Amino acid sequence: YYEKYKIRRYGFHGTSHRYVAMKAAEFLGKPLESINLITCHLGNGSSITAIAGGKSMDTSMGFTPLEGVVMGTRSGSLDPAVLLYIMEKENLTPKQMSDLLNKKSGILGLSGISNDMREINDAADKGNHRAKLTLEVLVHSIRRYIGGYMVELGRVDAIVFTAGIGENDWVVREMCMANMENWGFVLDKEKNRTTRGTLTDISLSSSKGKILVVPTNEELMIALETQWVLEGKE
Ligand code: AMP
């Protein structure tokens, strides 16, 4: 099927991961080729990438953007047998199952409230059980990738948060970075709480690895890549 249908793990959000990796290297004052990063693009669609020496070596989205972490309305990874089971039980067509996985799952499906983290945070603050559970499931799915990529990379110079949730949601960032001291990452909780949408180092000075918030700019990256192609640099 790999040969017949070109089924493979393509990965997505490359433009954003590349942009924030470049910005992170600039901020750290080191050549991109010399650093290892984990970039977390957490928006309505989310993906996490392990970057070794400036090159993506693994990423959470696969053949489609459905694989990986829990997203606004996409399920992210789950046991493929679940799909077969639901399709059989509910007599669903592939199209109906696809709609369920892409448009009605994830944060929306888990919470039953919304696909928007702002509404989930508000509801969780008010004690809504499903909103709290959604937050926990989301963070759990993100931490599994961060942990896995730390092992794959061996050394991680910085963990980067970007996109709608990554840039704005301090609660998600704090939960994602909890208890990572033994792996060399210590969050500055105060700085994390007050940082929104600006390039900021939110780690304590004692932290071996940096934790950065880097606003993405996919439009600028597309323009730059176009320019580089025209100049024969890519
Ligand atoms: P994006 O796809 O990068 O535009 O991200 C959109 C998502 O970011 C929204 O659906 C929200 O879940 C999330 N978001 C945007 N602003 C905030 C905020 N201030 N606090 C928490 N989440 C936010």
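Residues numbered from 1 in each chain as written. Predicted model: local features only at pLDDT ≥ 70, side-chain atom pairs only at ≥ 80, totals over all residues. Heavy atoms only, no water.

### Comments concerning the packing of aromatic side chains
- By the definition in use, this model includes three aromatic pairs.
- Here the basic side chain of Arg-8 rests over the ring of Tyr-2, its NZ or CZ set 4.3 Å away from the ring centre. (Phe/Tyr/Trp six-rings, centres within 6.5 Å; stacked < 30°, edge-to-face > 60°. Lys NZ or Arg CZ within 6 Å of the ring centre and 35° of its normal.)

### Looking at the environment of Asn-217
- If you trace the backbone, Asn-217 turns up in the loop between β6 (210–213) and α11 (218–230).
- Along the backbone, Asn-217 and Met-175 are 42 residues apart, and their C-alpha atoms lie at a distance of 25 Å. (Helix = DSSP H or I, 4+ residues; strand = E, 2+ residues; numbered from the N terminus.)

### Some remarks on the nonpolar core
- Core analysis: the biggest nonpolar cluster contains 35 residues, and Ile-38, Ile-142, Ile-159 and Val-172 have the highest contact counts within it.
- Residue assignment for this core shows that the elements contributing at least two residues are β1 (36–42), β2 (46–52), α6 (117–125), α7 (129–153), β4 (158–162), α9 (170–176) and β6.
- For this core, the element with the highest residue contribution is α7, accounting for 10 residues. (Core = buried A, V, L, I, M, F, W, Y, C linked by side-chain atoms within 4.5 Å. Buried < 20%, exposed > 50% of the residue type's maximum accessible area, 1.4 Å probe, protein only.)

### Examining the side chain of Asp-169
- Within the secondary structure, Asp-169 is located in the loop between α8 (163–168) and α9.
- No salt bridge is formed by the buried Asp-169. Its closest oppositely charged neighbour is Arg-173, at 7.3 Å.
- A distance of 3.1 Å separates a polar atom in the side chain of Asp-169 from the backbone nitrogen of Val-171.
- Residues within four places of Asp-169 in sequence aside, it is in contact with Met-117, Asn-121 and Gly-164. (Lys, Arg positive; Asp, Glu negative; His and termini not counted. Salt bridge = Lys/Arg side-chain N within 4 Å of Asp/Glu carboxyl O. Polar contact = N/O pair within 3.5 Å; in protein donor to acceptor, adjacent residues only side chain to side chain. Contact = heavy atoms within 4.5 Å.)

### Quick word on the environment of Ala-131
- Take Ala-131: it is sitting in helix α7.
- Judged by relative accessible area, which is 0%, Ala-131 ranks as buried.
- For the pair formed by Ala-131 and Asn-121, sequence separation is 10 residues and the distance between their alpha carbons is 7.2 Å.
- Filtering out sequence-adjacent residues up to four positions away, Ala-131 remains in contact with Ile-113, Ile-120, Ala-123 and Ala-124.

### With respect to the site of the ligand
- Around the ligand, the surrounding shell consists of Gly-43, Asn-44, Asn-115, Asp-116, Met-117, Arg-118, Ala-163, Gly-164, Ile-165, Asn-168, Asp-169 and Arg-196.
- In the environment of the ligand, a nitrogen atom lies 3.5 Å from a nitrogen or oxygen atom belonging to the side chain of Arg-118.
- Considered on its own, the ligand offers 500 Å² of accessible surface; in the complex 74% of this is hidden by protein.
- When contributions to the shell around the ligand are tallied by element, the ones reaching two or more residues are α6 and α8.
- The leading source of residues in the shell around the ligand is α8, at four residues.
- Residues belonging to the shell around the ligand are distributed by class as follows: three nonpolar, five polar and four charged. (Near = heavy atom within 4 Å. Areas by Shrake-Rupley, 256 points an atom, 1.4 Å probe, with all protein chains shown as cover. Nonpolar A, V, L, I, M, F, W, Y, C, P; charged D, E, K, R; others polar.)

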